[in-house]
Each structure stands twice: as C-alpha cells, then as structure tokens.
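# Understanding the architecture of this molecule
What follows is each chain in one-letter form.
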Amino acid sequence: MAAEKWVYMVTAQTPTNIAVIKYWGKRDEVRILPVNDSISVTLDPDHLCTVTTVAVSPAFDRDRMWLNGKTKKHSCEKSVIHLVTESVSYILLIENLEISLSGSRYQNCLREIRSRGGDVEDREKGVKIEKKDWERLNLHIASHNNFPTAAGLASSAAGFACLVFSLAKLMNVEEDPSQLSAIARQGSGSACRSLFGGFVKWKMGSKDDGSDSVAVQLADEKHWDDLVIIIAVVSSRQKETSSTSGMRESVETSLLLQHRAKEVVPKRIVQMEEAIKNRDFASFTQLSCTDSNQFHAVCLDTSPPIFYMNDTSHRIISLVEKWNRSEGTPQVAYTFDAGPNAVLIARNRKVAVQLLQGLLYYFPPKSDTDMKSYVVGDNSILKEAGLDGENSVENLQPPPEIKDNIGTQDQKGEVSYFICTRPGRGPVVLPDQTQALLDPETGLPK
Ligand code: DP6
C-alpha cells in the first residue's frame, strides 16, 4: 500500500423479508442454526430497505460502526424528516449514533468475511490491497433503515444482510449469495433470506458447522408479480420480547415447538414450494395464515407465555378471515412476526384496493393526519382507492364484500400507518457516490 491517505468504500442496499413459513427456534445458538426450514417473500427495497456504506483506509485505527437515522424529536431545520409515529406527527433530526461492534454476532460476521477477502486495486485512487491485508485493515460502517428499527419489521434481517453483502463487494469476496447467506445467518437468522429477491428458502441443514444452513432462491420477484403487500404498522414501539430470547424460551419450554419442527413444517415447506411454483394463491394463503397462527400458538405454549399480537392484530385477522370465507376463495393472506404488525398479501391489485378501502374504513387515521403520510410506500394505490384528492375516509364506503363483516368504524388511531409494497429484488450496489453514508475524504459519517 503506497499512499496511506486513501479511503476506499462501497454502498449497498438490501431488502427486508417476511417469512410465510416461520423460523422459530435454534438448535445451535452460536452459529444460529434453526430447528426447521423457513420460506420468505422479499419486500421491495424501494419501500423497505437498509442502506450500508462500508469503508477501508490505512488511516482508520479501529473498526467502527454508526447507525444513521437514529431519530429524536427536534425543531432544527437542517436534515429533517417527517415521520408519523403512533399518534403524533414529529419533525425528527437524523443523527449518527456510534454503536459497539464487540458483540459476538458482529464479530463472527466480520471474521468470516475478512477471511474470504481478495485482492483489490483502484489505480486512480492509489488503492492496492492484498488478500492478507484484510486481517489488519480497519473498517468504518454506516447503516440506515428507511423504516422504524425494532418495529417488528425485520430490521435485523436487512441490516446484517446489507453488512455482509457490502463488505463482500468491498473486499472482492468471490462467494455466491448462498455462501454469503451462511455468513449473514450468523448475524441474525432471518438475515440469510435477505440475500435474494423474490421467494426464498432457508434450508436448515444438518451439519454441525452450519456450512449447509444456507438460503436459496425459489423464484425471483417477477415470477409472481400480481401480489400486493400491505403492512399495517400497529405499533412503532420497541418489541417487548426480542425474537432471540423469545425463541430460546420456546425451545426450552414448548412441546408444540418440537412437534411443529419435526412433524408440521417439513410437510408445509413442500406444499409452500409447490404453491409458489404454481402461483396457487389459495394454498399460499392457507399455508401462510396457518403457519403464522401456529407460530403465535408456540409463543402462547412458551412458559411464561409470549404475546406478540394485540387486539388490533386479532381484529385484522377477523376481517381477512371473514372476507376470504364470504368470497369462497382466498383473496388475502396474513402473517405476523414477533410484534403486532399485520403483513397482508393481496392476490392482485384490484383486491389490494378493496382491502385498503376496508382497512381505512375500519382503522381510519386520526382526524389531523394527511392521507399521504398514513399510506406510505407505493401510495399510488390511494388514487385507485379514490382517496388521493378531496375525498376523505369519512366518505368511504367499504367494499360490500367486507361490509357488515366486522364491528363498527371505531378503531381510530389503532394503526400508526400502512405501507403498500410488493415482492422485490435482492441486494444491489449503489454506484451513485452521493448516496454514500460516509464522507469519501474522512470515512466518517456525513
Ligand atoms: C418471527 O432472525 O430476528 O421473524 O436469529 O435470533 O436474530 P435471531 O432471530 P430473528 O428471528 C426472526 C423470527 C421471525 C420469523 C422469521 O423471520 O422467520
């Protein structure tokens, strides 16, 4: 390495994912090896993603990481975003929070990826790194989620996947996405599924070293692009029991978890793969809903019991169940992770519009909330729902299919906001330097 002043960096974007056959329980806590296979849908990163910039320089004296987008209430005018939280609309200042990398999950990912680093040369910048240099060179990492952290929206999945993917690009690692998934898995289990777009399976594997516990793509995002996903963010608060400790307690105490892992999930995995392959929405819905409900049943079967869903979650389930039954064939699938948020998958755009109308009728925003901040993501759907102009939810009539099926319109403020999205692509490098989160001269957060 000749000139010692350079900073070499890469920025990448990685999606989050939602499991439709759940991972719940580890057989190895350190390597993060699961007790069953799982299947997920990758969500469009335009609406939900993590962006991470990783940098290396001989001038860095230690590995450091910042979470950009840590938010706090502030009236300052520079660098502000407008975010709707549970009931209030705040002006928030984006700040950079340095976090510790000493935890074993970070350390395991960094060690694994460093050991696979290759030679890197950028003549223009005077950068020349040899394979062996990665062990001693220090890294700067900055990461940002475009959605609330720990709101039950699988932020750790996108976060660890993005860390591993961006470092692999920076270090010229030759491994394929499945091999990278085995590294991301050691940061957070569900992260391994975010290395691919579309429909993804995490194979539990059988080896003790975890080398065969990897994610594989079942189908890309174009395979079933009729699907529309609406997420009801029921609460933006920190989850009460983390997935990690919740699943540990379930493994220790729930007999239902043992039965699920041995007898139930293996059959469901085969059926779900078939449903995805054939775009069989009826089977897809039946399997997703039952599997989500069984995962929450395992949580109840845990001692002490874990409650992730709340009354609003249950009301949303009733709405969807009754609608599906009245139609004769399933229109909408639901699934809930370790929190009260509902992830609703509509069979097509027309159904999604009806679903949104029904949701807005039963879960209207507080009176002073602007519709464009109540329905975020792909909110072009508001136009189709007749809610982009003067029309307000007060004038909204729920579609006849949904009307009269659930209680009255009295759920104001129970849903913080909705995110409209779809199945999406896997990780990508962002070549545009202006999107980098670290300063190209100093390697410090912008
Ligand atoms: C309910 O991947 O967050 O979302 O491996 O301990 O980091 P750790 O857990 P995590 O668990 C996710 C559980 C889930 C179901 C799923 O995504 O499959």
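Let me sum up the structure you'll find in this document. (Residues numbered from 1 in each chain as written. Predicted model: local features only at pLDDT ≥ 70, side-chain atom pairs only at ≥ 80, totals over all residues. Heavy atoms only, no water.)

## Re the packing of aromatic side chains
Counting across every chain of the model gives 12 aromatic pairs. With centroids separated by 4.6 Å and ring planes inclined at 65 degrees, the aromatic side chains of Y23 and W202 adopt a geometry described as edge-to-face. Linking Y23 in the loop between β2 (17-21) and β3 (26-28) with W202 in strand β13 (residues 199-202), this pair joins segments that are 179 residues apart in sequence. Judged by its relative accessible area of 10%, Y23 falls in the buried class. W202 sits in the buried class, given a relative accessible area of 0%. (Phe/Tyr/Trp six-rings, centres within 6.5 Å; stacked < 30°, edge-to-face > 60°. Helix = DSSP H or I, 4+ residues; strand = E, 2+ residues; numbered from the N terminus. Buried < 20%, exposed > 50% of the residue type's maximum accessible area, 1.4 Å probe, protein only.)

## With respect to the site of the ligand
Taken together, 18 residues surround the ligand, and among them Y23, K26, S188, S190 and R193 come closest. In this structure, an oxygen atom belonging to the ligand sits 2.8 Å away from a side-chain N or O atom of R105. A distance of 2.7 Å separates an oxygen atom of the ligand from a polar side-chain atom of R193. Summarising the interface, the protein chains cover 95% of the accessible area of the ligand, which totals 460 Å² for the free molecule. Counting residues per element, the shell around the ligand draws most heavily on helix α4 (residues 243-253), which supplies three residues. Lining the shell around the ligand are residues from two domains, each supplying at least three of them: domain 1 (8-221) and domain 2 (228-421). (Near = heavy atom within 4 Å. Polar contact = N/O pair within 3.5 Å; in protein donor to acceptor, adjacent residues only side chain to side chain. Areas by Shrake-Rupley, 256 points an atom, 1.4 Å probe, with all protein chains shown as cover. Domains from an automatic or database assignment.)

## What about the packing of helix α5 (residues 255-277) against helix α6 (residues 281-300)?
Look at α5 against α6: their axes get within 10 Å of each other, and the N-to-C directions meet at 160 degrees. Taken as axis vectors, α5 and α6 run roughly antiparallel relative to one another. The interaxial crossing formed by α5 with α6 has left-handed handedness. In this structure, α5 uses L256, L257, R260, V264, R268, Q271, M272, A275 and I276 to contact α6, whose residues at the interface are S283, F284, L287, S288, T290, D291, Q294, A297 and V298. (Axes fitted to C-alpha atoms, helices over the stretch in contact; angles between N-to-C directions. Parallel < 35°, antiparallel > 145°, perpendicular 65-115°, else oblique. Left-handed = near helix turned anticlockwise from the far one by under 90°. Contact = heavy atoms within 4.5 Å.)

## Quick notes on the pattern of salt bridges
Overall, the coordinates contain 24 salt bridges when judged by the stated rule. Close ionic contact of E98 with R64 constitutes a salt bridge, the shortest N to O distance being 2.7 Å. Separated by 34 residues along the polypeptide, E98 in strand β9 (residues 89-99) and R64 in strand β7 (residues 64-73) bring together distant segments of the chain. When its relative accessible area of 36% is taken as the criterion, E98 is described as partly exposed. With relative accessibility at 19%, the residue R64 sits in the buried group. A salt bridge links R315 to E414; its shortest N-O distance comes to 2.8 Å. Placement of the pair is R315 in helix α7 (residues 311-327) and E414 in the loop between α10 (381-384) and β19 (417-421), with a sequence separation of 99 residues. The class of R315 is partly exposed, set by a relative accessible area of 28%. (Salt bridge = Lys/Arg side-chain N within 4 Å of Asp/Glu carboxyl O.)

## So, the sheet that holds strand β18 (residues 375-377)
Think of a sheet as strands paired side by side through backbone hydrogen bonds, with each pair either parallel or antiparallel. Read across the open sheet, the five strands follow the order β16-β17-β15-β19-β18; overall the sheet is mixed. Strands at the two margins of the open sheet, each flanked by one partner only, are β16 (332-335) and β18. Averaged over all pairs of adjacent strands, the angle between strand axes in this sheet comes to 25 degrees, irrespective of strand direction. Of the strands in this sheet, β16 and β17 (342-346) are in contact with α6, which crosses β16 at around 25 degrees. Against the sheet, helix α8 (residues 349-362) engages β15 (228-233), β16, β17, β18 and β19, with an angle of about 15 degrees to β15. (Pairing = 2+ DSSP bridges.)

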